[in-house]
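# Descriptive analysis of the structure
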Amino acid sequence: MKCKKCSGTAVINMRQHKLALCDVHYVAWFQGQTERFIQKYKMFTLDERALVAVSGGKDSLALWQVLLDLGYQADGLYIGLGIDGGVDYSHQSLAKIEQFMAGRPGAQLHVVDIESLYGASIPDAARLTRRGQSKPCSVCGLVKRHVMNRVARDGGYDVLATGHNLDDEAAVLFGNTLHWQVGYLARQSPVLPASADGLARKVKPFFRFYERETAAYALVQGIDYIYDECPYSVDASTIRHKMVLSELERKSPGTKLQFYLGFLRAREAGAFEGLAESRPEMRPCRTCGQPTTAGDWCAFCRLWDKV
Ligand code: Q46
Ligand code: ZN
Ligand code: ZN
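Just so you know, these numbers come straight off a predicted model, no measurement behind them.

A few words now on the sheet that holds strand β6 (residues 159-161). As summarised here, the arrangement of the six strands in space is β5-β4-β3-β6-β8-β7, forming an open sheet in which the pairing is mixed. Two strands bound the open sheet, and with one partner strand each, they are β5 (109-113) and β7 (191-192). For β6 and strand β8 (residues 201-203), the ladder comprises three bridges, and the chain directions are parallel. Within β8, the residue paired with V159 across the bridge is R201. With respect to the sheet, helix α3 (residues 89-102) is in contact with β4 (73-80) and β5, its orientation differing from that of β4 by roughly 160°.

Next up, the structure:
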């Protein structure tokens, strides 16, 4: 395969775009596309400050790198969950981030270690409160949302960015469609505006990249990332949905992209309007001050009270 721009050896062939590129032109293409989507979907501007949730995986580190290279004000946030899973997952992921930062002097990282701050790791908190039984994901999601919002608010960030890619978004969309979860469909979007009551704007600048494209970018750029997924991430239904979509993609390149973009067009045309359940009024939590729909004491503070 030859690069379409310079006839050098291609490192990637994107069948859905009928485009093969060498390493140099791939990096330029990837950066240009990211910039284009940030602007097209009005995610944030150069004057705004972005907080990037970094896990040590390829997507989040690639996102941080691209944003810095494009000149955005992007700081990182790492949340230490205290997960071992037989692969020393949390320590290994932080080590990858530190290694990344060593090559990017000036990059700022916030580290929030859950166990030292609140007294228990995520798996322990899940066990102690019996929330989520064998899987700590519900506790983990609650804690991550709270910490991201708090750091964004306290640090004066305008926007929270995550590294979700097209494969992730298409699989979620597929699940929501299979079960006709119209409330979720109405809210699924690459940009969630800030709420008046203090929740930060959330954006997914990589939502149009296939997973293999973010992986190729990380590889070409020499980003060393953690290959292991979180040991609890083996969610059977998401994996099944990803497999089905990948099979369709193999037979018909571009299927995932069309599926997701078609949904966005329908959404923008108002197809899901009025279907999102109206959210109960938010009030500030009496302990931490973050907006909550759970009365005057938020789920996060109640969780740690039980632990
Ligand atoms: S929720 Fe569950 Fe993730 Fe937390 S415990 Fe791991 S898999 S990291 S996206
Ligand atoms: Zn080239
Ligand atoms: Zn609270």
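Next, the rest of the story.
A word on empty space enclosed by the protein. Across all of its chains, the model carries one cavity of 30 Å³ or more by this definition. Its boundaries defined by the atoms lining it, the largest cavity holds a volume of some 40 Å³. A total of three residues in the lining of the largest cavity trace back to one element, the largest contributor, which is helix α1 (residues 23-40).

Let us look at the coordination of the zinc ion (ligand 2). Coordination of the zinc ion (ligand 2) by the protein is provided by C3 (SG), C6 (SG), C22 (SG) and H25 (ND1), with metal-donor distances spanning 2.0 to 2.4 Å. We note that the donor set of the zinc ion (ligand 2) lies within a single chain, spaced as C-x2-C-x15-C-x2-H.

This part is about the pattern of salt bridges. Overall, the coordinates contain 14 salt bridges when judged by the stated rule. Here R153 ties to D154 by a salt bridge, and the two come within 3.4 Å at their closest N and O atoms. Assessed through its relative accessible area of 40%, R153 is described here as partly exposed. Under the relative-accessibility criterion, D154 is labelled exposed at 54%. Residue R286 pairs with D296 through a salt bridge whose shortest N-O separation is 3.5 Å.

Here is what the cut-offs are and how they apply
Residues numbered from 1 in each chain as written. Chains lettered and ligands numbered in written order. Predicted model: local features only at pLDDT ≥ 70, side-chain atom pairs only at ≥ 80, totals over all residues. Heavy atoms only, no water. Pairing = 2+ DSSP bridges. Helix = DSSP H or I, 4+ residues; strand = E, 2+ residues; numbered from the N terminus. Contact = heavy atoms within 4.5 Å. Axes fitted to C-alpha atoms, helices over the stretch in contact; angles between N-to-C directions. 1 Å grid on protein atoms, 1.4 Å probe; cavity = no way out; pocket = protein on both sides within 12 Å on 5 of 7 lines; lining within 4 Å. Points joined across faces, edges and corners; volume = space filled by probe spheres on them. Donors = N, O, S within 2.8 Å, 3.2 Å for Na, K, Ca; no water. Salt bridge = Lys/Arg side-chain N within 4 Å of Asp/Glu carboxyl O. Buried < 20%, exposed > 50% of the residue type's maximum accessible area, 1.4 Å probe, protein only.

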